[in-house]
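Residues per chain are reported as follows:
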Amino acid sequence: MKLSDRVTIPSQVMARQVGDETVILDLASGTYYGLDPVGARIWQLMTEGLGLAQVCEAMLAEYEVSREDIERDVLALVQALLDKQLVSVGT
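Residues numbered from 1 in each chain as written. Predicted model: local features only at pLDDT ≥ 70, side-chain atom pairs only at ≥ 80, totals over all residues. Heavy atoms only, no water.

> Honestly, the overall build of the protein in this entry has me stumped. Any pointers?
Helices and strands together make up the secondary structure of the protein, namely three helices and five strands. Along the protein, helices (α) and strands (β) appear in the sequence β-β-β-β-α-α-α-β when read from the amino end. The C-alpha atoms of the protein give 12 Å as radius of gyration, which agrees with the globular expectation for 91 residues (12 Å, within 12%). Expressed as lengths along the three principal axes of its C-alpha atoms, the size of the protein is roughly 35 × 30 × 20 Å. Taking all 91 residues of the protein together, the buried fraction comes to 32%. Within the protein, contacts between residues at least 6 apart in sequence are counted, and of these 50% link residues at least 24 apart. Here the protein displays about 5,200 Å² of accessible surface, and carbon together with sulfur accounts for 51% of that area. (Helix = DSSP H or I, 4+ residues; strand = E, 2+ residues; numbered from the N terminus. Rg over C-alpha atoms; globule rule 2.2 N^0.38 Å. Buried < 20%, exposed > 50% of the residue type's maximum accessible area, 1.4 Å probe, protein only. Contact = heavy atoms within 4.5 Å. Areas by Shrake-Rupley, 256 points an atom, 1.4 Å probe, with all protein chains shown as cover.)

> It is not clear to me how a nonpolar patch on the surface should be interpreted in this structure. Could you clarify?
A cluster of nonpolar residues, Val18, Val23 and Tyr32, forms a patch on the protein surface that exposes about 300 Å² of accessible area. With respect to the secondary-structure elements, Val18 resides in strand E2 (residues 13-18). (Patch = residues over 30% accessible without salt bridge, like charges linked within 9 Å, V, L, I, M, F, W, Y side chains within 5 Å. Salt bridge = Lys/Arg side-chain N within 4 Å of Asp/Glu carboxyl O.)

> Mind showing me how you'd approach the pairing of strand E3 (residues 21-26) here?
Where a strand is regular, its side chains alternate between the two sheet faces. In this structure, E2 lies alongside E3, joined through six bridges in antiparallel fashion. Bridging across to E3, Val18 finds its partner in Glu21. Here E2 hands over to E3 after two residues, with Gly19 in that stretch at a positive phi of 65°. As paired elements, E3 and strand E4 (residues 31-35) share five bridges and run antiparallel to each other. For Leu25, the partnering residue across the bridge sits in E4 and is Tyr32. Remark: four residues form the turn of the hairpin made by E3 and E4, two consecutive strands paired antiparallel; Gly30 in that turn has positive phi of roughly 75°. (Pairing = 2+ DSSP bridges.)

> So what exactly am I meant to see when it comes to the nonpolar core here?
Taken as a class, soluble globular proteins show a tendency for nonpolar side chains to be buried jointly. Core analysis: the biggest nonpolar cluster contains 20 residues, and Ile24, Ile42, Trp43, Met46, Val55, Val74 and Leu81 have the highest contact counts within it. Looking at this core, the elements with two or more residues in it are helix H1 (37-47), helix H2 (52-62) and helix H3 (67-83). Ignoring any residue separated from it by four or fewer positions in sequence, one finds Ile24 in contact with Val13, Met14, Ala15, Thr31, Tyr32, Tyr33, Leu35, Trp43, Leu81 and Leu86. (Core = buried A, V, L, I, M, F, W, Y, C linked by side-chain atoms within 4.5 Å.)

> What's the story with H2 in this structure? I'm lost.
Each α-helix turn comprises 3.6 residues. Residues three or four places apart therefore point the same way. Among all positions of H2, only Leu52, Val55, Cys56, Ala58 and Met59 are buried. One face of H2 carries all of its buried residues, which in axial projection span an arc of 165°. Summarising the contacts, the buried residues of H2 are in contact with strand E1 (6-8), H1 and H3. (Arc of directions from axis to C-beta.)

> How do you make sense of H3 when you look at a structure like this?
With 17 residues, H3 ought to run about 24 Å at 1.5 Å a step, and its terminal C-alpha atoms sit 24 Å apart, in line with that. Within H3 the residues assigned to the buried category are Ile70, Val74, Leu77, Val78 and Leu81. Taken around the axis of H3, the buried residues stretch over an arc of 95°, which confines them to a single face. Exposed side chains of H3 directed beyond 90 degrees from the buried face belong to Glu68 and Asp83. Where H3 is buried, its residues contact E1, E3, E4, H1, H2 and strand E5 (88-90). Once H3 finishes, Gln85 follows within two positions and takes phi at roughly 60°, a positive value. (Expected span 1.5 Å × (residues − 1).)

Structure below.
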């Protein structure tokens, strides 16, 4: 996976904003997952069709964080979502 990739959400995955967090439901397994406010913002940007590099740029503009930290955190979150089959990644 690289920053030039885009993330898509499979049809069996539903997400809802609850306060400042996001709850994700994998309909295939019936399992719920939760994202904290930062993870929820990353999820929102990805669902708007932004590539991972664009997600990082948006996060840099919104949060006081280094580029290295945000790139690492975005890639780690996407990898965790990918491992649970909550997203798919492509260019």
